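Secondary and tertiary structure notes
Spelled out, the chains give:
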Amino acid sequence: MMSLSRSFPKNVSLALALAVAAGSLTACGGSSSRRKGKQSEARKWIDNPTSGTKDGNKIKIPQIGLEFEIPDTLYVFKNCEETGHSKGELESNPGWVTIASCSSGGVSSSDEDLGASASSDSEAIALTFYLAPKERPVDERAVAFYRNQYQEAGLSIEDLSFNDGYFDKTGIYAKLQVVDESGNATREIQQFMFPYGDVLYIARTEYPYGDTRAIQQDWKAIMPYFRVSLAR
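As the structure is a computational prediction, the values presented were derived from the model and not from experiment.

1. Observations concerning the packing of aromatic side chains
Scanning the model with the defined rule gives 15 aromatic pairs in all. When the centroid spacing of 4.8 Å and the interplanar angle of 80 degrees are considered together, the rings of Tyr166 and Phe167 count as edge-to-face. On the basis of relative accessible area, Tyr166 is assigned to the buried category, the value being 15%. Each residue in the set Phe68, Phe129, Tyr166, Phe167, Tyr173, Phe192, Phe194, Tyr196, Tyr201 and Phe226 is aromatic and connected to the rest through ring pairs, giving one cluster. Note that Lys169 overlies the ring of Phe194, its terminal NZ or CZ placed 5.9 Å from the centroid.

Listed below in structure tokens is the structure:
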């Protein structure tokens, strides 16, 4: 693992983590998809998003093939809702549209039971899903491209790999760290990009490095229930 020593403020770490995808996936505002011919209904939704429905603990957006069943037990990302589908939430990725988000309210008693420290892990964090135009392949060969770009952005890479069976999804998983001037990790970003046709789903969360809340448990609980029925 390569540890880089550039220092970045917290408020730009998200932009750094996703700068690669911004440049390659949303360049030209999706014009590449238009040049290739007819757009899918999911791709059209990105330009003109509409709200889905919530039935019990299920969020459904048929146009993008989504059915998200909110798990009964979550320790950190307890508040799962469909978002307002806004563009521009990510400064470096203005073309990414929010779909749904599971957010924390800081440390709770349940978190503390799992070993969380209220003094260090009280920051509100979220696991957010986005939809973007797919402007380049997301496959095994793309891993080297993303590795180079993340390293050039000054991010340390703990894991970057192509997965063809990741909770019944196929895509690229990344676990990245923002480091300070001494090369010490200060923030961690976990992200999974999984394409369907001419669109790309992205799941991502960012949190303080060393956060002891049950982030990984919740990630593993949520991902299988975020189901997409679109042609690959």
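Having seen the model, we can carry on.
2. Some thoughts on helix H5 (residues 142–152)
Within the sequence span of H5, burial applies to Ala142, Val143, Tyr146 and Tyr150. Each buried residue of H5 lies within a common arc of 100 degrees when the element is viewed along its axis, so the set occupies one face.

3. Brief notes about helix H6 (residues 215–222)
Since the α-helix packs 3.6 residues into each turn, any two residues three or four apart lie on the same face. Those residues of H6 that sit buried are Ile215, Asp218, Trp219 and Ile222. With its buried residues spanning 105 degrees around the axis, H6 presents them on a single face.

4. As for the state of the cysteines
Enumeration over the complete set of coordinates arrives at 1 disulfide. Here Cys80 engages in a disulfide with Cys102; their sulfurs sit 2.0 Å apart. Residues Cys80 and Cys102 are joined through a disulfide that is right-handed, its torsion about the S-S bond being 115 degrees. Pair noted here: Cys80 is in strand E4 (residues 79–82) and Cys102 is in strand E5 (residues 97–103), with a separation of 22 residues, a long-range link. Considered together, Cys80 and Cys102 belong to a single accessibility category, that of buried residues.

5. What about the sheet that holds strand E10 (residues 199–208)?
Spatial strand order, E4-E5-E6-E10-E9-E8-E7: 7 strands in an open sheet with antiparallel pairing. In this open sheet, the two strands that pair with only one neighbour each are E4 and strand E7 (155–166). Across the sheet, the mean angle separating the axes of adjacent strands is 15 degrees when strand polarity is ignored. As judged from the 4 bridges shared by E4 and E5, these two strands associate in the antiparallel manner. Bridge pairing in E5 places Asn79 opposite Ser103. The strands touched by H5 are E7, strand E8 (169–179) and strand E9 (185–196); relative to E7, the strand with the most contacts, the crossing angle is about 160 degrees. Taken strand by strand, H6 contacts E5, strand E6 (126–133), E7, E8, E9 and E10, and its axis lies near 160 degrees from that of E10.

The rules behind each value
- Residues numbered from 1 in each chain as written.
- Predicted model: local features only at pLDDT ≥ 70, side-chain atom pairs only at ≥ 80, totals over all residues.
- Heavy atoms only, no water.
- Phe/Tyr/Trp six-rings, centres within 6.5 Å; stacked < 30°, edge-to-face > 60°.
- Buried < 20%, exposed > 50% of the residue type's maximum accessible area, 1.4 Å probe, protein only.
- Lys NZ or Arg CZ within 6 Å of the ring centre and 35° of its normal.
- Helix = DSSP H or I, 4+ residues; strand = E, 2+ residues; numbered from the N terminus.
- Arc of directions from axis to C-beta.
- Disulfide = S-S within 2.5 Å.
- Pairing = 2+ DSSP bridges.
- Axes fitted to C-alpha atoms, helices over the stretch in contact; angles between N-to-C directions.
- Contact = heavy atoms within 4.5 Å.

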